[in-house]
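Coordinates in review
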Amino acid sequence: MGARKIEETINAGIEDLRDTVRSYFDKGYNHIVTITGIDVGENIRLLYHMANMDGDLVHIATETSKKSLKVPTIIDIIPGAYIYEMEVHDLFGVNFTVNPWMKFKLLLPDCYPSDMPPPLWKEVDAKKVQQSLFSIESPACALKEPFSGVSRLSPESMVVPFGPYHPALKEPEHFRLIVEGERIVKAIPRIGFVHRGVEKAAESRSYLRDIFLLERICGICSFIHSWTFVQAVEKLLNLKPPRRAEWIRTMVSELERIHSHSLWLGLVGYWMGFDTMFMWIWGVRETIMDLLELLCGNRVHKSIVTIGGVRRDVTKEKLNTVIKQMKKFMKEFKQIMDEVLSYDEFIERTSNIGVFSAETARKLCTVGPIRRTIGDPYDIRKIEPYGAYEEIGFQVVTENKGDVYHAIRQRMREIYESARMIEVLAKEMPGGEAVPKRLFMGVVPEGEAVARGEAPRGELFYYVKSNNKHNPYRVKVRTPTLANITLASENLKGATLSDVPLVITAIDPCFSCMDRVAVYRKNTGEMFMLTEDDFRKLRRKWKP
Amino acid sequence: MIGEFLFNVLVFPGVLFSCAMAFWLQWLERKIVARVQKRIGPKFTGPSGLLQPIYDFLKLLSKEEILPEHVDKLYFRLAPILAVTVPVFGMLFIPITGVKTMFNFEGDFLLILLLFSFSVFATATAGYAVFSPYTSVGVGRLVVQYSIYESFMTLSLVLAAFQASTLSIYGLLEYQMLKGPLVLYQPLGFAVAVLALIAKLEKPPFDLPHAKQEIAAGWLTEYSGRGLAFLKLYKDLSMVYGISILAVTYFAGPLGPMFSANPTVMGLIYFGLKTLFIALIIILIRSIAARVRVYGLAEHFWIKAAPLVLFQMIIAFAARWL
């Protein structure tokens, strides 16, 4: 499982779409994975992928013609869906009535030529879009009103820009924080500085090349992207990868989870000004990176998975090294975490910060460790097992409160669980062939498949539609950060300025992954533009 | 006379000596923090990278200096100069080799405390010379922090002077020559003073005014080149100055066994060892601490440190009749 072919869809007309969604929502399918748009000639087909907590998916399909492009919104039924509606609005031009976010650009730059149809329509040539965007002289036009959406709430309030070029940020995202003293009154995220159009690019490449392309969506959880895509393609081909290959994939995936989580734990230390923790954890993380290099030959983009198996087999000696090094890692890591968690200041600094309730998290369809922090055992590895997860068995780690401290504990315990799994995987690795005789170069028969995987940050979703060709007809990616970003901006309200990095970090954001589907939010209040003159006026006031 | 004056001001214990101490402490801090964090630290310039701080300083001096738009040029230029001058000036009053320097006078203890507070004025000026969000939030935090730690710093130091019934540095040393170092009577006061000194030096856990993850470099953000070099030097100089004050007040500065009243090398050695000891305390705290929150700052001082100082006050009262 994990991946499945879409055998049947629930077809709904535009009129009864809302009723259908509501009836499935009431049946327990209360988690919307994403909304996929597909260009099918004259019409735009929309697939609403809705999941329940037991791993079942339903696909509600509806179609709207390219001339009318009107679909009723479902955000009053599932509030977390608004971001997916915005995404479809930008990429396919579909208007959701009445979604208040529709008037804003989501993903495209503001200077996207108005005479050109939305970019994921088949008649749009990617080259032409590129040329017309390059011919625009000022790059600033991508964001025409840089300060729009910032309304001053009171004379004492002040706008503190946070990013996109901030010494502390590793990725270009931008938060405008309206502060009163140290307290944040409003946080307005603006993301979308590294959008590269990966989904469009995937349509023009062969399946084999797509693996390497999609792997580059994220630099941290790169393996799970390629694996999830490959799972969907294998379902379309009715291909079952060898057992040994599945075990190797699972092992790499769990190593990647440890590397991602320990990277995050180190960053938590960094964000809260605890440099020593940062250095220590990143120091032991090197062990994991070395293991990944040993197994895959690469540290960052593992490139080990291929359609029908893996590209490299592992030897017995390598597995023994893995076992030995994991023991060493666990010993050092446990020691560090014991020391860190016995530090009162650390606990004080992290608990009751960025608090969110289970209801909010469920309402906004949050996924991954941050969802498990509040106690929902929502883990794709468990509810929809893939790879070797069902065979080796593992526990879903959960905590019972939504704040930064529990998010730290959650990820720490997930590392322990993953380390245990890796040891089992390395010790009981089945024999047999893992590398396919030749790389897959053929055509994929017509069909649609979806695949879900548990990336370190949460549920990762792939939709692949093939049509008897060498390249896919449509690839749709939903990264976990997109599902979680709504929660982060919700949590920022009421925090202090010194908590900002921690609160944003709590969801383990990966903004560049998301920038295939950038988020652009504006509040509807009074527009206020902070110019140089304002600064000068303020300065004059300050002069004695 | 004029020769001695110039020597005092420019070489010892004035500019050259203070800067040498500043670079030495900076190297010590970088090396120790690196070792605690399982790194190596400076390595290549000089033996074990000992000359690295000097090299960094000289390199920064030769870098391009960018003058931001809408800057108050006078304050922008004045602030770094003021910042480095104040601690060097203060160092002239610290007895390092003998019990007296040529500048000491009755009541100089108050002067060094005043100078100690005055350096915050220089950094606040540096921040407000350019009005940008990072600098203004940085200076805001600096002033909040100042208002919290300064009273405790002054209070604990004044308790020492109170016990010795003197307002001169010479008087303090004389008292300690007879009764032993004041840290024996006032360990709590010393602890609070060290805590306040860390806050004053803006080192973790009290590095709020230039918390890079939140407000870039805080009040330092708009500086580059020469200005930045001097402001960085200022930080190390004020560490030297602050540690020297503590060494004189609580550890009797240059005094020790085999000390003679005439200026000797022994005094310098004792002074060096004592400053090293205090510096090690500060650096070790700094290397393992996580930054406090803005609201946690007041809690640290008003809730945790205030009772200690009050208790110390009672002891100091009692100790007067020893």
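Residues numbered from 1 in each chain as written. Chains lettered and ligands numbered in written order. Predicted model: local features only at pLDDT ≥ 70, side-chain atom pairs only at ≥ 80, totals over all residues.

So, the overall build of chain B
Looking only at helices and strands, one finds 12 helices and zero strands in chain B. Against the globule reference of 20 Å for 322 residues, chain B gives a C-alpha radius of gyration of 20 Å, in line with a compact fold. Seen through its C-alpha atoms, chain B measures out along the principal axes to roughly 60 × 50 × 40 Å. Expressed as a percentage of its 322 residues, the buried residues of chain B come to 50%. (Helix = DSSP H or I, 4+ residues; strand = E, 2+ residues; numbered from the N terminus. Rg over C-alpha atoms; globule rule 2.2 N^0.38 Å. Buried ≥ 20, exposed ≤ 12 C-beta atoms within 10 Å, placed from the backbone.)

Description of the overall build of chain A
Broken down by element type, chain A carries 19 helices and 15 strands. Considering chain A as a whole, with its 544 residues, one finds that 48% of them fall into the buried category. For chain A, the proportion of contacts with a sequence separation of at least 24, taken over those separated by at least 6, is 71%. (Contact = placed C-beta atoms within 7 Å.)

Here's the deal with the sheet that holds strand β14 (residues 458–466) of chain A
Think of a sheet as strands paired side by side through backbone hydrogen bonds, with each pair either parallel or antiparallel. All names here are of chain A. The four strands lie next to each other as β1-β13-β14-β15, forming an open sheet whose pairing is antiparallel. Only two strands of the sheet have a single partner each, and these edge strands are β1 (3–5) and β15 (474–478). This sheet shows a mean twist of 10 degrees between the axes of neighbouring strands, independent of strand direction. With respect to the sheet, helix α16 (residues 480–492) is in contact with β13 (447–455), β14 and β15, its orientation differing from that of β14 by roughly 135 degrees. (Pairing = 2+ DSSP bridges. Axes fitted to C-alpha atoms, helices over the stretch in contact; angles between N-to-C directions.)

Digging into the confidence of the model for chain B
Averaged over all residues, the pLDDT of chain B is 85; the fraction at 70 or higher stands at 98%. Across the whole predicted complex the pTM is 0.80, and at the interface the ipTM reaches 0.81. (pLDDT = per-residue confidence, 0-100.)

Side note on unusual backbone geometry
Residues and elements named next belong to chain B. A cis geometry characterises the amide bond from Pro204 onward to Pro205, with omega recorded as 5 degrees. By secondary structure assignment, the location of Pro205 is in the loop between α8 (187–200) and α9 (212–215). At Ser165, a residue that is not glycine, the phi angle is positive and equals roughly 50 degrees. Counting through the fold element by element, Ser165 comes out in the loop between α6 (133–164) and α7 (169–179). Of note, Glu202 is a non-glycine position whose phi angle comes to about 55 degrees, a positive value. Its place among the elements puts Glu202 in the loop between α8 and α9.

Notes on the packing of α6(B) against α7(B)
Residues and elements named next belong to chain B. At a closest axis distance of 9 Å, the pairing of α6 and α7 adopts a crossing angle of 65 degrees. Note on packing geometry: the crossing formed by α6 with α7 is left-handed. In this structure, α6 contributes Ala160, Ala161 and Ala164 to the contact, and α7 contributes Gly171, Leu172 and Tyr175. A class-by-class count of the residues in the contact of α6 with α7 yields five nonpolar, one polar and no charged. (Left-handed = near helix turned anticlockwise from the far one by under 90°. Nonpolar A, V, L, I, M, F, W, Y, C, P; charged D, E, K, R; others polar.)

Description of the pairing of strand β3 (residues 31–40) of chain A
All names here are of chain A. With respect to burial, β3 is a largely interior element, nine of its 10 residues being buried. Strand direction decides the pairing type here: β3 and strand β4 (residues 43–51), joined by nine bridges, are antiparallel. For His31, the partnering residue across the bridge sits in β4 and is Ala51. Connecting β3 to the next strand, β4, in antiparallel fashion are two residues, including Gly41 with a positive phi near 75 degrees.

Notes on the nonpolar core
Residues and elements named next belong to chain A. Counting residues in hydrophobic clusters, the biggest one holds 133 residues, and the most contacted among them are Ala232, Val233, Ile422, Tyr462 and Val464. Of the residues forming this core, the biggest block, 13 residues, is contributed by helix α7 (residues 243–271). Lining this core are residues from two domains, each supplying at least three of them: domain 1 (1–107) and domain 2 (198–484). (Core = buried A, V, L, I, M, F, W, Y, C linked by C-beta atoms within 7 Å. Domains from an automatic or database assignment.)

Digging into the sheet that holds β3(A)
All names here are of chain A. The four strands are arranged β2-β5-β4-β3 in an open sheet whose pairing can be described as mixed. A single partner strand is all that each edge strand has here, and the edge strands are β2 (10–11) and β3. In this sheet, strand β5 (residues 57–65) lies alongside β4 in antiparallel orientation, the contact comprising nine bridges. The residue bridging Leu46 from the neighbouring strand is Thr62, located in β5. The strands touched by helix α1 (residues 17–26) are β2, β4 and β5; relative to β5, the strand with the most contacts, the crossing angle is about 170 degrees. Taken strand by strand, helix α2 (residues 82–92) contacts β3 and β4, and its axis lies near 10 degrees from that of β3.

Things to note about α8(B)
All names here are of chain B. Across its 14 residues, α8 extends 20 Å between first and last C-alpha, which sits within 8% of the 20 Å expected from 1.5 Å per residue. With 12 of its 14 residues buried, α8 lies for the most part within the structure. Considered for burial, the residues of α8 that qualify are Leu188, Gly189, Phe190, Val192, Ala193, Val194, Leu195, Ala196, Leu197, Ile198, Ala199 and Lys200. Buried residues along α8 sit in contact with α6, α10 (225–251), α11 (265–288) and α12 (294–319). (Expected span 1.5 Å × (residues − 1).)

Here we look at the domain arrangement of chain A
Residue and element names in this part refer to chain A. As assigned here, chain A comprises domain 1 (1–107) and domain 2 (198–484). Listed as interface residues are 21 residues of domain 1 and, on the opposing side, 27 residues of domain 2. Elements that contribute at least two residues to the side of domain 1 that touches domain 2 include exactly β1 and β3. Ranked by residue count, the leading element in the side of domain 1 that touches domain 2 is β3, at six residues. Of the residues contributing to the side of domain 1 that touches domain 2, the split by class is 11 nonpolar, seven polar and three charged.

Side note on helix α2 (residues 15–36) of chain B
All names here are of chain B. Taking 1.5 Å per residue, 22 residues should reach 32 Å; α2 reaches 31 Å between its end C-alpha atoms and fits that length. All buried positions along α2 are accounted for by Ser18, Met21, Ala22, Phe23, Leu25, Gln26, Trp27, Glu29, Lys31 and Val33. Here the buried face of α2 lies against α3 (52–61), α4 (73–91), α10 and α11. Just past α2, the residue Lys38 takes up positive phi, approximately 60 degrees.

A short note on the confidence of the model for chain A
In this model, chain A carries an average pLDDT of 79, and 80% of its residues clear a pLDDT of 70 or more. Low pLDDT, under 50, characterises residues 145–150 of chain A; the stretch is placed with 13 contacts to residues that sit more than four places away or in other chains.

Section: the pairing of β14(A)
Residue and element names in this part refer to chain A. Within β14, nine of the nine residues are buried, which leaves it mostly tucked inside the rest of the structure. The turn joining β13 and β14, which pair antiparallel and follow one another in sequence, is formed by two residues. Of the pairings in the sheet, the one linking β14 to β15 comprises five bridges and is antiparallel in character. Of the residues in β15, the one forming a bridge with Lys465 is Arg474.

Quick word on the packing of α6(B) against α12(B)
Residue and element names in this part refer to chain B. Relative orientation of the contacting elements α6 and α12 amounts to 10 degrees, with a least axis distance of 10 Å. When the axes of α6 and α12 are compared, the pair comes out roughly parallel. Mapping the contact onto sequence places Arg141, Gln145, Ile148, Tyr149, Phe152, Leu155, Ser156, Leu159, Phe162 and Gln163 in α6 and Val294, Leu297, Ala298, Phe301, Ala305, Val309, Gln312, Met313, Ala316 and Ala319 in α12. Its residues assigned to classes, the contact of α6 with α12 shows 15 nonpolar, four polar and one charged. (Parallel < 35°, antiparallel > 145°, perpendicular 65-115°, else oblique.)

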